[in-house]
Amino acid sequence: MRGRGAVSNPAGRFERLAREADGDWRSFASQGDDEAAPPLKTHVRCEQARSIIARNDSPDVPFEQSINPYRGCEHGCIYCYARPTHSWLGLSPGLDFESRLIAKVNAVELLRQELAAPAYRARLINLGAVTDAYQPVERELGITRGLVEVLADCRHPLAIVTKASLVERDIDLLAPMAADGLAEVFISITTLDHDLARIMEPRCASPERRLRTVRRLADAGVPVGVLVAPIIPFVNEPEIERIVAAVAEAGARSAHYTVIRLPWELTGLFDDWLLAHFPDRAERVLGHIAAMRTAPGDATRRFNDADFASRMKGRGPWAELIRQRFRLAVKRAGLGRAMTPLRADLFVPPELPGQQRQLF
């Protein structure tokens, strides 16, 4: 489907029934016309969330707190490790994930309440760690904007991860926060090839547009890091050096990477996508992913690795080659590999109705 990443919509792993399209029925319905399927519309359901700050103790993640204002993501990135989360909602990790979204419409109110709790202590909050907080629906709903306003008002440290140029809308909030050491933005750039981006992450800003976003944020004084994530062997992996050089020229301060992993239903979805777009190299790509994800001595070929020591970077000779290439590219470009230290000592709890604001 034009404008969509997944080429299938399989049932989630918790469903009892699996549905398949009937070719004869389609021929009858279209009266023999082999035209393309109509565009798939995006549907958004509103949700009253019970909490908004998620917490983790993962040693390979540089933050303990995160906020995701949306479930599902219209960007449609075929490699997204968050796709299997839609199975918990009784939806498909395939086309449903990118077309049936859930918006946490009470997120701003919840954030104020959680920040105002007497026991709360300010620590970095990452916005958009799972699904993109600046995906297209944000233009209408403005939930992310409201969250950033609360964090700015409370002088709370914030890191943003996004593929969307819509983040430029909030420069008026992010620039003053950055001047006080409270904000950093990470832009994900997986390819510089427009044609590849169109099929791999169809509703994201173009690579050229994301590079301009890096420049605009940097010019506004907002520290910008770039995520070359994920690196996929024989798909975007040949571009490592070019991407790092381009983001350095655009004004990024640091560059980071992960290698692709395919948890749960994502293995089948990614396999379908490869066969649809790159049938000539599909097995080679999957073979190298498995080489980075299968533990030594494991007789079963695996495409996901939950081990904290290797799930981000992979294991084995191919993963080591990518690591060396990336480190050398970063060194040549003069980029750093660390996050900007953000301050937590300026935090001021929000004032709730009927409550007097306290300064710490």
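Fair warning: this is a prediction, and the values are worked out from it, not measured in the lab. (Residues numbered from 1 in each chain as written. Predicted model: local features only at pLDDT ≥ 70, side-chain atom pairs only at ≥ 80, totals over all residues. Heavy atoms only, no water.)

What follows concerns the sheet that holds strand β8 (residues 183–188). Overall, mixed pairing links the seven strands, which are arranged β2-β3-β6-β7-β8-β9-β10 in an open sheet. Every interior strand has two partners, whereas the edge strands, β2 (54–55) and β10 (254–259), have only one. Pairing geometry for β8 and strand β9 (residues 224–231), over four bridges, is parallel. Each bridged residue has a counterpart across the sheet, and for S188 the counterpart in β9 is L227. Helix α8 (residues 207–219) contacts β8 and β9 of the sheet and is inclined by roughly 165° relative to β8. (Pairing = 2+ DSSP bridges. Helix = DSSP H or I, 4+ residues; strand = E, 2+ residues; numbered from the N terminus. Contact = heavy atoms within 4.5 Å. Axes fitted to C-alpha atoms, helices over the stretch in contact; angles between N-to-C directions.)

Next up on the list: the packing of aromatic side chains. Under the counting rule described, the total for this entry stands at six aromatic pairs. Where Y120 meets F347, the ring centres are 5.6 Å apart and the plane angle is 65°; that geometry is what we call edge-to-face. Of this pair, Y120 sits in the loop between α3 (107–116) and β6 (125–127) while F347 sits in the segment after α12 (317–333), and the two are 227 residues apart along the sequence. The buried category is assigned to Y120, whose relative accessible area is 8%. Between the aromatic rings of Y257 and F326, the centroid separation amounts to 4.7 Å while the plane-to-plane angle is 40°, which identifies the pairing as tilted. Placement of the pair is Y257 in strand β10 and F326 in helix α12, with a sequence separation of 69 residues. Like F326, Y257 is buried. Aromatic rings pair up to connect F270, W273 and F278 into one cluster. Note that R284 overlies the ring of F234, its terminal NZ or CZ placed 4.3 Å from the centroid. When the ring centre of Y257 is taken as origin, the NZ or CZ atom of K313, which lies over that ring, is 3.9 Å away. (Phe/Tyr/Trp six-rings, centres within 6.5 Å; stacked < 30°, edge-to-face > 60°. Buried < 20%, exposed > 50% of the residue type's maximum accessible area, 1.4 Å probe, protein only. Lys NZ or Arg CZ within 6 Å of the ring centre and 35° of its normal.)

Most of strand β7 (residues 158–162) sits inside the fold, with four of its five residues counted as buried. Alignment of β6 against β7, held across three bridges, turns out to be parallel. Its bridge partner lying in β7, N126 is registered against A159.

Scanning the entire structure with this criterion turns up 25 salt bridges. D170 is the salt-bridge partner of R169, the closest N and O atoms lying 2.9 Å from each other. Between E237 and R325 there is a salt bridge, and its shortest N-O distance comes to 2.6 Å. Here R325 lies in helix α12 and E237 lies in the loop between β9 and α9 (240–250), a separation of 88 residues in the sequence. Residue E237 is classed as buried on the basis of its relative accessible area, which comes to 7%. (Salt bridge = Lys/Arg side-chain N within 4 Å of Asp/Glu carboxyl O.)

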